[in-house]
Amino acid sequence: MSKLSIVAELWEFLKVRKKWWLAPIVILLLLLGGLIVLTQGSALAPFIYAIF
């Protein structure tokens, strides 16, 4: 199962079940995860990890 199909399945779940309040939470988690991955080896890493 690819990562893209998991995202598509989650999107279908949100559409069919009308759980639109979950969308901002999912987007925020994806953005924070991407931020951590992108800044892992940079000088910003200590500042990012201090937030959590």
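All figures in this text were calculated on a predicted structure; none of them were measured in a lab. (Residues numbered from 1 in each chain as written. Predicted model: local features only at pLDDT ≥ 70, side-chain atom pairs only at ≥ 80, totals over all residues. Heavy atoms only, no water.)

*Asks:* Is there a simple way to think about the pattern of salt bridges in this case?
*Replies:* If the charged atoms of two oppositely charged side chains come close together, the side chains can form a pair. Across all of its chains, the model carries one salt bridge by this definition. Lys-15 serves as the salt-bridge partner of Glu-12, at 3.2 Å between the closest nitrogen and oxygen. A residue pair is termed a helical-turn pair when its members lie 3 or 4 positions apart in one helix, as Glu-12 and Lys-15 do in helix H1 (residues 3-17) at three residues. (Salt bridge = Lys/Arg side-chain N within 4 Å of Asp/Glu carboxyl O. Helix = DSSP H or I, 4+ residues; strand = E, 2+ residues; numbered from the N terminus.)

*Asks:* What's the story with the packing of aromatic side chains in this structure? I'm lost.
*Replies:* Two measures describe an aromatic ring pair: the distance that separates the ring centres and the angle between the ring planes. Enumeration according to the criterion identifies one aromatic pair in this entry. Aromatic side chains Trp-11 and Trp-20 sit 5.6 Å apart centroid to centroid with 65 degrees between the ring planes, which places their arrangement in the edge-to-face category. Judged by relative accessible area, which is 42%, Trp-20 ranks as partly exposed. (Phe/Tyr/Trp six-rings, centres within 6.5 Å; stacked < 30°, edge-to-face > 60°. Buried < 20%, exposed > 50% of the residue type's maximum accessible area, 1.4 Å probe, protein only.)

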